[in-house]
Amino acid sequence: NAVREQDFLVESISQLSISESSSPPVVARLSSESLKFGLDSGGSFQFDLLDCQLFKLGALQSLCVSESKQKINMEKRFSRGCTIQFRNEEESNAFHQAFEHFKKEVVGQGSSLSNGCLSLSTSKFDDKIEPSSAKMYFHYYGQLLHQQNMLQDYVRTGTYYAAVLENRSDFVDRVVVDVGAGSGILSLFAAQAGARHVYAVEASEMADYARKLIAGNPSLGQRITVIKGKVEEVELAEKADILISEPMGTLLVNERMLESYIIARDRFLVPNGKMFPTIGRIHMAPFSDEYLYIEIANKALFWQQQNYYGVNLTPLHSTAFQGYFSQPVVDAFDPRLLVAPAISHVIDFTSTKEEELFEIDVPLRYTSAVGARIHGLACWFDVLFNGSTVQRWLTTSPGAPTTHWYQLRCVLPQPIYVMPGQEIIGRLYMVAHKAQSYTLHLTLSAKTWGPGADQGGILQTSSVKLDLKEPYYRMSQPQVYPATQEQPPNQLLQTQDLQIQSQDDECSDLLRQV
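Everything numeric here is computed off the predicted structure, so don't read it as measured data. Position numbers for residues count from 1 along each chain, tracking the sequence in the order it is written. In view of the model being predicted, local features appear only for residues whose pLDDT reaches at least 70, and side-chain atom pairs are presented and counted only at 80 or more, with totals across whole chains, interfaces and linings using the full set of residues. Side-chain numbers here rest on the full set of heavy atoms in the structure, without hydrogens or water.

Q: Please provide a residue-by-residue account of the pairing of strand S19 (residues 359–367), values included.
A: To sort residues, take the accessible area from a 1.4 Å probe on protein chains only and compare it with the maximum for the residue type: under 20% means buried, over 50% means exposed, and anything in between is partly exposed. The helix count covers DSSP runs of H or I at least four residues long, the strand count covers runs of E at least two residues long, and both are numbered beginning at the N terminus. Of the two faces of S19, the one lined by Ile360, Val362, Leu364 and Tyr366 is fully buried and the one lined by Glu359, Asp361, Pro363, Arg365 and Thr367 carries no buried residue. Following DSSP output, two strands are said to pair if at least two bridges run between them. One ladder, built from nine bridges, connects S19 with strand S23 (residues 423–433); its direction is antiparallel. The partner of Arg365 across the bridge, within S23, is Ile425.

Rendered as structure tokens:
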């Protein structure tokens, strides 16, 4: 049976008025219709659950406000409210959880309104993300060891610190929203830069740790409010002058948090407000790396055994081979492996629409600087903090100080051969999926070289489909590259003799659309 009422003893309440006065401890009763506070005087006052909202002002203090029925200039107005003081953090958390439970129950049943029926609807996040993926995602970022990994990326953390503190004029006396606040470190940076108030929005259990960290820095924490919830769902008491966030994943777009950053912009940012970071760029260039190709291809040799305990494994070799190449490689590589200058795809966070991130289509065109076997496409990203005083870049490029993002490479099952000056064309087509990542479709082709090249013919094409959610993390392996990569004489696999037929028919047709 559903719980119809639940009582909480709170330390005190203060009704918001010209002259505030605090009450002695009172009972706050949550029911399927209302939130009622009983007073020692025998009186009581209550809020309709459909019209009221609850905000955390701190670990032990919350604000309950009732929405006015009248709207002026389409702005949301609040008719009355009270602050609630709790005796401890556990009781505060329990009250908020119960409030959300009862409110969802009321909305879910459908309530008669003057203009129809209000029904429970899922958020934008829930509509496009699988619950199992979201659960794992928030569990991962709810652990301190993963936050430590990011905090100890001194390129990342130091660049954010510099970008904020060098642009104090953008933060002084401004309202800031930290989107996906994690440990709260960026909120603390914003407070150091003089922000009037910072709303740190965090959906994972890390929100509780953020409150503790912020409370341990009281000179800054008094201007920071941690709000536990998704930016797609929470309500804020005021608009933000500036958004700050670290929404970048592998290849910039992995984990699909950029979309939440865009939604926060549309929901909370004042017109012409600032965003830190402001724009992002994905850089892509063809590369030649014989050692990496051999390493991946050799993994499938296990399935070439014809007598494995009396079993012939070869029927699965082709599938296993394609499977290993469906994993993007995450590591730090020598920039000398690139065979042509990179091209870039720009995402302007201040103007990009959320829907534009669902599919990202990048045509590729290069001129090879050397004669080589092209083994795939190397990718990295950077973001710009476009401050009023200083413009600062955070880069993950090869050759720059390594970050926890490293770089990413899409390796082709069949290399293509090019000569110096030969043109390479292709396409990188990225499609978002519900596991908070992207399916990557890569096609690269070598155009006709020498006499007749102006006819635009294609000599060789190679395609691959990869899942950005399932990378091959190669960061810990030694990266020793001589000036030139000669084919080792005793390799198990001789790539010159490989004839692999790509099984990805989707990718093979993509080039025709370039």
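There is more to say after this.
Q: Tell me what's going on with the sheet that holds S23, and back it up with residues and numbers.
A: Taken in spatial order, the four strands of this open sheet run S19-S23-S24-S25, and their pairing is antiparallel. For this open sheet the edge positions go to S19 and strand S25 (458–467), each flanked by a neighbour on one side alone. Within the sheet, the average angular offset between the axes of one strand and its neighbour, ignoring direction, is 10°. Orientation is described by axes fitted as lines to C-alpha atoms, over the contacting stretch for helices, and by angles from 0 to 180 degrees between their N-to-C directions.

Q: So what about the sheet that holds strand S15 (residues 269–276)? Which residues, and what values?
A: The strand order across the open sheet built from five strands is S13-S12-S11-S14-S15, with neighbouring strands paired in parallel fashion. Each having just a single partner strand, strand S13 (224–228) and S15 make up the two edges of the open sheet. In this sheet, neighbouring strand axes are inclined to one another by 25° on average, regardless of whether the strands run parallel or antiparallel. Here a residue-residue contact requires only that any non-hydrogen atoms of the pair lie within 4.5 Å. In the packing of helix H9 (residues 257–268) onto the sheet, the strands contacted are strand S11 (175–179), strand S14 (240–245) and S15, and the crossing angle to S15 comes to about 150°.

Q: Can you explain the packing of helix H5 (residues 154–165) against helix H6 (residues 185–192)? Please cite residues and give values.
A: Any two packed helices are characterised by the angle at which their axes cross and by the distance between the axes. Two elements in contact, H5 and H6, have axes whose closest approach is 9 Å; the angle formed by their N-to-C orientations is 25°. Compared by their axis directions, H5 and H6 come out roughly parallel. In this structure, H5 crosses over H6, and the sense of that crossing is right-handed. Within the contact between the two elements, H5 uses Thr157, Tyr160, Tyr161, Val164 and Leu165 and H6 uses Leu186, Phe189, Ala190 and Gln192. When residues are grouped by polarity, Ala, Val, Leu, Ile, Met, Phe, Trp, Tyr, Cys and Pro land in nonpolar, Asp, Glu, Lys and Arg in charged, and all others, Gly among them, in polar. Partitioning the contact of H5 with H6 into residue classes produces seven nonpolar, two polar and no charged. Throughout, the term roughly parallel applies to angles under 35 degrees, roughly antiparallel to angles over 145, roughly perpendicular to angles from 65 to 115, and oblique to all others. What makes a crossing left-handed is the near helix being turned counterclockwise from the far one by less than a right angle; a clockwise turn instead makes it right-handed.

Q: I'd like a rundown of helix H11 (residues 317–325), residues and numbers included.
A: What H11 keeps buried is the set His317, Ala320, Phe321, Gln322 and Phe325. Lining the buried residues of H11 we find helix H10 (290–299), strand S22 (407–418) and S25.

Q: Give me the pattern of salt bridges: which residues, what numbers.
A: Salt bridge, as used here, is a side-chain nitrogen of Lys or Arg placed within 4 Å of a carboxyl oxygen of Asp or Glu. Within the structure shown, the criterion is met by 24 salt bridges. One salt bridge in this structure joins Glu290 and Arg373, with 2.6 Å as the shortest N-O distance. Within this pair, whereas Glu290 is found in helix H10, its partner Arg373 is found in strand S20 (residues 372–386), the two being separated by 83 residues in sequence. Across the pair, Arg373 and Glu290 agree in class, each one buried. It is possible to trace a salt-bridge network through shared partners that takes in Asp289, Glu295, Asp331, Arg409 and Arg474.

Q: Describe in detail unusual backbone geometry, supporting the description with residues and values.
A: Backbone torsion omega between Phe276 and Pro277 reads 5°, so that peptide bond is classified as cis. Checked against the element boundaries, Pro277 lands in the loop between S15 and strand S16 (279–287). If you check the backbone angles, Asp173 has positive phi at about 60° while not being a glycine. For Asp173, the location among the structural elements is in the loop between H5 and S11. Phi at Leu251 is positive, roughly 60°, even though this residue is not glycine. For Leu251, a relative accessible area of 3% puts it in the buried group.

Q: I'd like a description of the packing of aromatic side chains, backed by residues and values.
A: Stacked, tilted and edge-to-face pairs are distinguished by plane angle, under 30 degrees for stacked and over 60 for edge-to-face with tilted covering the rest, among Phe, Tyr and Trp rings (Trp via its six-membered ring) whose centres lie within 6.5 Å. In this structure the tally under the stated criterion is 17 aromatic pairs. Between Phe171 and Phe276 the ring centres are 5.5 Å apart and the planes differ by 85°, which places this aromatic pair in the edge-to-face class. Taken together, the residues span a long stretch of sequence, with Phe171 in the loop between H5 and S11 and Phe276 in strand S15 at a distance of 105 residues. Both residues of the pair, Phe171 and Phe276, belong to the buried class. It is Lys299 that lies over the ring of Tyr472; its NZ or CZ is 3.3 Å from the centre. Any Lys NZ or Arg CZ that is within 6 Å of a ring centre and within 35 degrees of that ring's normal is treated as a charge sitting over the ring.

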